[in-house]
2 protein chains.
Amino acid sequence: MSNISIKDIAAKAQVSTATVSYVLNGTRNVKQVTRERVLQVIEEMNYKPNNAAQSLKRRRTNTIGVIAEDVTVFNVPEIIDGINDCADRLDMHILLTNLRLDKRIGRSFDDMDTYRQYAENAVSELLSKQVEGIIYIGVHPRDLTGLCDTDGKPIVYTYSYTENDPSIQYDDEQASYEAMRYLIDHGHSRIAIISGVMDSIPSRLRFNGFYKAVTEFQLPFDPLLIKMGDWEAESGYRLTKELLSLPEPPTAILSMNDVMAVGVLRAASEMSVSIPEQLSLIGFDNREFSEYLMPRITTMDLPLHEIGYQAMEALSRILQGEEAGISPKPMCRLIERDSVAPPKR
Amino acid sequence: MSNISIKDIAAKAQVSTATVSYVLNGTRNVKQVTRERVLQVIEEMNYKPNNAAQSLKRRRTNTIGVIAEDVTVFNVPEIIDGINDCADRLDMHILLTNLRLDKRIGRSFDDMDTYRQYAENAVSELLSKQVEGIIYIGVHPRDLTGLCDTDGKPIVYTYSYTENDPSIQYDDEQASYEAMRYLIDHGHSRIAIISGVMDSIPSRLRFNGFYKAVTEFQLPFDPLLIKMGDWEAESGYRLTKELLSLPEPPTAILSMNDVMAVGVLRAASEMSVSIPEQLSLIGFDNREFSEYLMPRITTMDLPLHEIGYQAMEALSRILQGEEAGISPKPMCRLIERDSVAPPKR
DNA sequence: CTGTTAGCGCTTTCAA
DNA sequence: TTGAAAGCGCTAACAG
């Protein structure tokens, strides 16, 4: 059992506790033989320094807190992984709190009051554990201003943002612009878009990218090709049916997420419209299943790992007293698969 | 900034530090007015107790360590969530370490030496942080005997096991038996099975369940219906082609995971064998995508949340000085969807 | 009901 | 090159 303290080591090695501390931390020159003797005793007794005592004394923990709204939501684990990746390099430690929002409050993210309590408790606990900063991982990009009071400690948001604190997000607008360009490059001009719920940031940004491409490439603009979904497969299904029933149906659909793309697939299949031969499809998120569908769908990969990594970097920079710095937004990357082909004429 | 200590509170509230501590912990009766005064000052100054100091003094941290081999692997987040769920109720805290094994060593889990170092460091760090016990979450069920020396602190394994320590796993054998029964109940008797790699524990156990059903229900036993896959979609694809080319092909396939089931779907589609009309299919794992395939596939849901929950419970019991206790293995649950139908005759 | 005080295990200043 | 000793912020035994 680890009730061995520096004192036990000191006694057994016949030195003072100070000396043990010196060899442990390399804070001072210690005679070679002494050092070796101490090291050996440490080894023998399998001594592990008590981190609580160290933190108390040093008044530093090298630890940051990570608050995840829900670790079971698809984007979160990869972001955590990115944070870990960076933290390992910086020799920082992570204290992870899982708010379990999905299980506890379902999808009602609109009303912050319902989960503010959870967030506050998490922050409070983390602060109590002397973290030097916090990274907050949302499950859905939205404005979280006023959610957490971190008592002056720096906080960085990912996959969400606030008015005052730094936040790391990928470039949604660029992503949908790229997707459109890819479709256009393949010869499409009658391109429909199925959005997520319209009060969501990504929906708006992705629309911007869409419009930008439409404008820039002078595509015929047809409001009938713009459909408002709600992120769920059912809406993709329903809207695709509408789209394909149009007198002049689109030759390609850009779906704002992969889940709705599943609905597109189903609708197309039911209407005997084959993808990609008669209809091209691009999804968003590069969800794991997008690769398993038939056909495997072309989709936008979200730079989740990098978002986490950058969040950790930014926080570290702030901790060093530097500016958060505005590294360029991580970019999405198109994963080319089998759901896009030139339109048949 | 939280450099406010109990002393500051004591001074401002004109009491001793002891009194502050008493009201904070409710360890002793404190006169109503005094308590309120203290509480108010605490509130005013936004005081948060220093956890490091508390732990040091109390010699208890109420904290356990969780070592996840890789948080980005599908089974892990849900297990973590279960641990969290239980830990919240027990008022225990979690220190999570992500080994990042998938990114660092890929799939070479066979050679423990390649990752022992990571595991040892993780344990060592956790011990240093005074965790009272550890839960280890594997990404693949296998024997981990000798991986970690926890220096006498209790450890519970999930999704893996060792010879000497308690471990929580679901019942693989029962699961495949149930799947078989479901198929049999639907009228199938010529049932093929596509396994994972054969040196894996789940493969063997699921085979046992398969045999048990075959024996118990006196199905015609045909070795041609037994195929060894490797967990990947490609193997499901290839083996299904073999199966469907048999003089007397099976009417149903039990695939030992959902990924290989995707291969089954592809092969069947290519050979114009429709599922479930001409071929029934059951998968394993209830991966998210299984619901998005066409048809939505019937699959065995793994009780991941419960595994995590039970691991935490078991650890807590050990910490209380009780026996780990052998609660019954959590059961898998068949998720009925659209890939099973009676065989056509 | 409240206060004084010894220490938890460690780092670090000061002194030798 | 080493040691003595003062605390870091807190809890709890002891005293009143």
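- The name recorded for chain A in an unreviewed UniProt entry is LacI family transcriptional regulator, from Paenibacillus endophyticus.

Brief notes about the relation of the copies chain B and chain A
Then step 1. Relative to chain A, chain B is turned by 180° and slid 0.1 Å along the rotation axis, the superposed coordinates differing by an RMSD of 0.2 Å. The two molecules are tied by a two-fold rotation axis, judged by turn and shift.
Then step 2. Taken as a fraction of all interface residues of chain B, those also at the interface in chain A reach 100%, which identifies the copy contact as same-surface.

Comments concerning the UniProt feature "domain: HTH lacI-type" (unreviewed entry) in chain A
Then step 1. Using the residue numbers shown here, the UniProt feature "domain: HTH lacI-type" (unreviewed entry) corresponds to residues 4–58 of chain A.
Then step 2. End C-alpha to end C-alpha, residues 4–58 of chain A measures 20 Å, and it is 71% helix and 0% strand.

A short note on the domain arrangement of chain A
Then step 1. Here chain A is described as being made up of domain 1 (6–56), domain 2 (60–170 + 303–330) and domain 3 (172–301).
Then step 2. Between domain 1 of chain A and domain 2 of chain A, the C-alpha centre-to-centre distance is 36 Å.

Some words on the protein's contact with DNA strand D
Then step 1. In the neighbourhood of DNA strand D, 28 residues make up the surrounding shell, with Arg 28, Lys 57 and Arg 59 of chain A together with Ile 6 and Tyr 47 of chain B lying closest.
Then step 2. Among the atoms of DNA strand D lying within 4 Å of the protein, the sugar-phosphate backbone contributes 60%.
Then step 3. Take Lys 57 of chain B: an N or O atom from its side chain is 3.1 Å from a base oxygen of DNA strand D.
Then step 4. For the surface near DNA strand D, the elements supplying multiple residues, two or more each, are α2 (17–25) and α4 (51–58) of chain A together with α2 (17–25) and α4 (51–58) of chain B.
Then step 5. Split by residue class, the surface near DNA strand D holds 11 nonpolar, 10 polar and 7 charged.

Observations regarding the pairing of strand β10 (residues 298–301) of chain A
Residue and element names in this part refer to chain A.
Then step 1. Summarising the sheet, strand β9 (residues 280–285) and β10 pair through 4 bridges and their orientation is parallel. Bridge pairing links Asp 285 to Asp 301 in β10.
Then step 2. Here β10 pairs with strand β11 (residues 333–335) via 3 bridges, running antiparallel. Note that in β11 the partner of Asp 301 across the bridge is Arg 333.

Considerations on the protein's contact with DNA strand C
Then step 1. Surveying the vicinity of DNA strand C reveals 29 residues, the closest of which are Ile 6 and Tyr 47 of chain A together with Arg 28, Lys 57 and Arg 59 of chain B.
Then step 2. The protein-proximal atoms of DNA strand C, defined as those within 4 Å of the protein, are 57% sugar or phosphate.
Then step 3. One of the side-chain nitrogen or oxygen atoms of Arg 28 of chain A is found 3.2 Å away from a base nitrogen of DNA strand C.
Then step 4. Within the contact set of DNA strand C, a phosphate oxygen lies 3.3 Å away from a side-chain nitrogen or oxygen of Arg 58 of chain A.
Then step 5. Among the elements of the structure, α2 and α4 of chain A together with α2 and α4 of chain B are those that each provide at least two residues to the surface near DNA strand C.
Then step 6. By residue class, the composition of the surface near DNA strand C is 11 nonpolar, 11 polar and 7 charged.

Quick notes on helix α11 (residues 258–270) of chain A
Because an α-helix completes one turn every 3.6 residues, residues spaced three or four positions apart along the sequence face the same direction.
All names here are of chain A.
Then step 1. Counted at 1.5 Å a residue, the expected span for α11 with its 13 residues is 18 Å, and the 18 Å between its end C-alpha atoms agrees.
Then step 2. For α11, the tally of buried residues reaches 10 of 13 residues, placing the bulk of the element in the interior.
Then step 3. What α11 keeps buried is the set Asp 258, Val 259, Met 260, Ala 261, Val 262, Gly 263, Val 264, Leu 265, Ala 267 and Ala 268.
Then step 4. Here α11 starts with a cap whose side-chain oxygen sits 3.2 Å from the backbone nitrogen of Val 259, and that cap is Asn 257.

Some details on the interface of chain B and chain A
Then step 1. Taken together, the contact between chain B and chain A spans 53 residues of the former and 53 residues of the latter.
Then step 2. The partner of Arg 100 of chain A in a salt bridge is Asp 81 of chain B, and the shortest N-O contact between them spans 3.0 Å.
Then step 3. Counting every contact that joins chain B to chain A gives 22 residue pairs in polar contact (both at pLDDT 80 or more).
Then step 4. Element by element, the count of residues in the side of chain B that touches chain A is highest for helix α5 (residues 76–90) of chain B, at 7 residues.
Then step 5. Of the residues assigned to the side of chain B that touches chain A, the class counts are 19 nonpolar, 15 polar and 19 charged.

A word on the nonpolar core
Then step 1. The biggest cluster of nonpolar side chains holds 196 residues, and the ones touching the most others in it are Ile 135, Tyr 136 and Met 312 of chain A together with Ile 135 and Tyr 136 of chain B.
Then step 2. Those residues in contact with Met 312 of chain A that lie beyond four places of it in its chain are Ile 64, Ile 83, Cys 86, Ala 87, Leu 90, Met 92, Ile 94 and Ile 135 of chain A.

Here we look at the side chain of Arg 190 of chain A
Residue and element names in this part refer to chain A.
Then step 1. Its location among the elements puts Arg 190 in the loop between α8 (172–185) and β6 (191–195).
Then step 2. What makes Arg 190 buried here is its relative accessible area of 13%.
Then step 3. A distance of 2.7 Å separates a polar side-chain atom of Arg 190 from the backbone oxygen of Glu 248.
Then step 4. Once residues lying within four places of it in the same chain are set aside, the contact partners of Arg 190 are Asp 222, Leu 225, Glu 248, Pro 249, Pro 250, Thr 251 and Ala 252.

Thoughts on α8 of chain A
All names here are of chain A.
Then step 1. Under the 1.5 Å per step criterion, the end-to-end length of α8 is 20 Å for 14 residues, consistent within 8% with the ideal 20 Å.
Then step 2. Within α8, the full set of buried residues consists of Asp 172, Ala 175, Ser 176, Tyr 177, Ala 179, Met 180, Tyr 182, Leu 183 and Ile 184.
Then step 3. Those residues of α8 that are buried lie in contact with β6, α9 (201–216), β8 (252–255), β9, β10 and β11.
Then step 4. For α8, the capping residue at the N-terminal end is Asp 171, with a side-chain oxygen 3.2 Å from the backbone nitrogen of Glu 173.
Then step 5. Positive backbone phi, at 100°, marks Gly 187, one or two positions downstream of α8.

Calculation notes
- Residues numbered from 1 in each chain as written.
- Chains lettered and ligands numbered in written order.
- Predicted model: local features only at pLDDT ≥ 70, side-chain atom pairs only at ≥ 80, totals over all residues.
- Heavy atoms only, no water.
- Least-squares fit on C-alpha atoms with pLDDT ≥ 70 in both.
- Contact = heavy atoms within 4.5 Å.
- UniProt positions renumbered as here; feature names shortened; annotations may be inferred.
- Helix = DSSP H or I, 4+ residues; strand = E, 2+ residues; numbered from the N terminus.
- Domains from an automatic or database assignment.
- Near = heavy atom within 4 Å.
- Polar contact = N/O pair within 3.5 Å; in protein donor to acceptor, adjacent residues only side chain to side chain.
- Nonpolar A, V, L, I, M, F, W, Y, C, P; charged D, E, K, R; others polar.
- Pairing = 2+ DSSP bridges.
- Expected span 1.5 Å × (residues − 1).
- Buried < 20%, exposed > 50% of the residue type's maximum accessible area, 1.4 Å probe, protein only.
- Salt bridge = Lys/Arg side-chain N within 4 Å of Asp/Glu carboxyl O.
- Core = buried A, V, L, I, M, F, W, Y, C linked by side-chain atoms within 4.5 Å.

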